[in-house]
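Architecture and fold: a report
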Amino acid sequence: MMLGIFGGTFNPIHIGHLRVAEEVLQYLELDKVVFVPSYLPPHKDLADNVRGDKRLEIVRLAIAENPRFEVSPFEVDSRGNSYSIRTIEHIREACQTTPYFILGQDAFNDILTWFEKDRLFDLTHFAVMSRPHSLRPSLKDVIGPHASRYRAAGRGYVNECGNEIVFVDVTPLDISSSRIRELCREGKSIQYLVPTAVEHYIKNERMYE
Ligand code: ATP
């Protein structure tokens, strides 16, 4: 089983998330991608304090038509700070596989600030997606001393545990949740930036007004 874990706040999920997840799934030939909305993101404020169960619900609505996409309530149900290492350990245990942790280049560039970062490299592969406005510095500039554990191989880098860091050039989609929240606040349309079911849910729940 080749599994991707896509963590994020998904506040809200948008078509940028969906398209890049699809492209990573194809590129790495994954069996499925599991979207894991965070309960409390450790690295940023939770804008508008949108409850975890609502963000979980819009992810459910957004992925409903893709049989290879799943959503996990693990972080929302666990409450407290959502540390990716816990999710990775949980998935490793539950699925008996080393997953690919899927994240944008902007998030990867901050990885040295993550909780228990030293152990992360032992427990997961990384699929790092390009993102408009995000630079792709050298591996050493991003992961510092951990880079000495990796050697260039195939489609990226691999360490002594056999864990890869793969850089995936995805279609540049300059869409962000912050921009969508801003449009909502300004009373402007978000049609075509999010799936229709998500657009309706956001409107009905007045999520970002
Ligand atoms: P915000 O604008 O609130 O910061 P966001 O749009 O970055 O939110 P998140 O839920 O924080 O959304 O993103 C989850 C993950 O998806 C992150 O790793 C982020 O880098 C990645 N991501 C989000 N949008 C894109 C995009 N358009 N292209 C590539 N990666 C993306």
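Relevant structure appears above.
In this report, the structure presented in the accompanying data block is examined. (Residues numbered from 1 in each chain as written. Predicted model: local features only at pLDDT ≥ 70, side-chain atom pairs only at ≥ 80, totals over all residues. Heavy atoms only, no water.)

Side note on the sheet that holds strand 8 (residues 164-168)
Taken in spatial order, the eight strands line up as 3-2-1-4-5-8-7-6 in an open sheet, and their pairing is mixed. Sheet topology places strand 3 (69-71) and strand 6 (150-153) at the edges, where each strand pairs with a single neighbour. Across the sheet, the mean angle from the axis of one strand to that of its neighbour is 25 degrees, orientation sign disregarded. Bridge count between strand 2 (residues 32-37) and strand 3: three bridges; the pairing is parallel. Among the inter-strand pairings, Val34 is bridged to a residue of strand 3, identified as Glu70. Relative to the sheet, helix 2 (residues 52-63) contacts strand 2 and strand 3, its axis offset from that of strand 3 by approximately 165 degrees. The strands touched by helix 4 (residues 84-95) within the sheet are strand 1 (3-8), strand 2 and strand 4 (100-104), with strand 1 carrying the most contacts at an inclination of about 155 degrees. (Pairing = 2+ DSSP bridges. Helix = DSSP H or I, 4+ residues; strand = E, 2+ residues; numbered from the N terminus. Axes fitted to C-alpha atoms, helices over the stretch in contact; angles between N-to-C directions. Contact = heavy atoms within 4.5 Å.)

A look at the pairing of strand 8
Most of strand 8 is tucked away, with five of its five residues classed as buried. Where burial is concerned, the two faces of strand 8 agree: the one with Glu164, Val166 and Val168 and the one with Ile165 and Phe167 are both buried. Across four bridges, strand 5 (residues 125-129) lies against strand 8 in parallel orientation. From the neighbouring strand, Ala127 faces strand 8, where its bridge partner is Val166. Where strand 7 (residues 156-159) lies against strand 8, three bridges are found, and the strand directions are antiparallel. Pairing of Tyr157 across the sheet is with Ile165, part of strand 8. (Buried < 20%, exposed > 50% of the residue type's maximum accessible area, 1.4 Å probe, protein only.)

Points about the pairing of strand 5
Strand residues, when the strand is regular, have side chains that alternate between the two faces of the sheet. Burial runs high along strand 5: five of the five residues are buried. Burial of strand 5 is two-sided: the residues His125, Ala127 and Met129 facing one way and the residues Phe126 and Val128 facing the other way are all buried.

Digging into helix 2
The end-to-end C-alpha separation of helix 2 is 17 Å, in line with the 16 Å expected for 12 residues at 1.5 Å each. All buried positions along helix 2 are accounted for by Gly52, Lys54, Arg55, Leu56, Ile58, Val59, Ala62 and Ile63. The secondary structure elements touched by the buried residues of helix 2 are helix 1 (15-28), strand 2, strand 3, helix 3 (74-78) and helix 9 (196-205). (Expected span 1.5 Å × (residues − 1).)

Description of helix 4
Helix length check: helix 4 (12 residues) gives 16 Å between terminal C-alpha atoms against 16 Å at 1.5 Å per residue, within 8%. All of the buried residues in helix 4 are Ser84, Ile85, Thr87, Ile88 and Ile91. Projection of helix 4 onto a plane perpendicular to its axis shows the buried side chains occupying an angular sector of 160 degrees, all on one side. Opposite its buried face, helix 4 presents the exposed residues Glu93 and Ala94, each directed more than 90 degrees away. One or two residues past the end of helix 4 sits Gln96, with phi positive at roughly 55 degrees. (Arc of directions from axis to C-beta.)

Here we look at the side chain of Ser177
Summarising the element assignment, Ser177 is placed in helix 8 (residues 177-185). A residue is classified by how much of its surface remains accessible, and Ser177, at 12% relative accessible area, is buried. Apart from the residues lying within four places of it in its own chain, the contact partners of Ser177 are Asn11, Pro12, His14 and His17.

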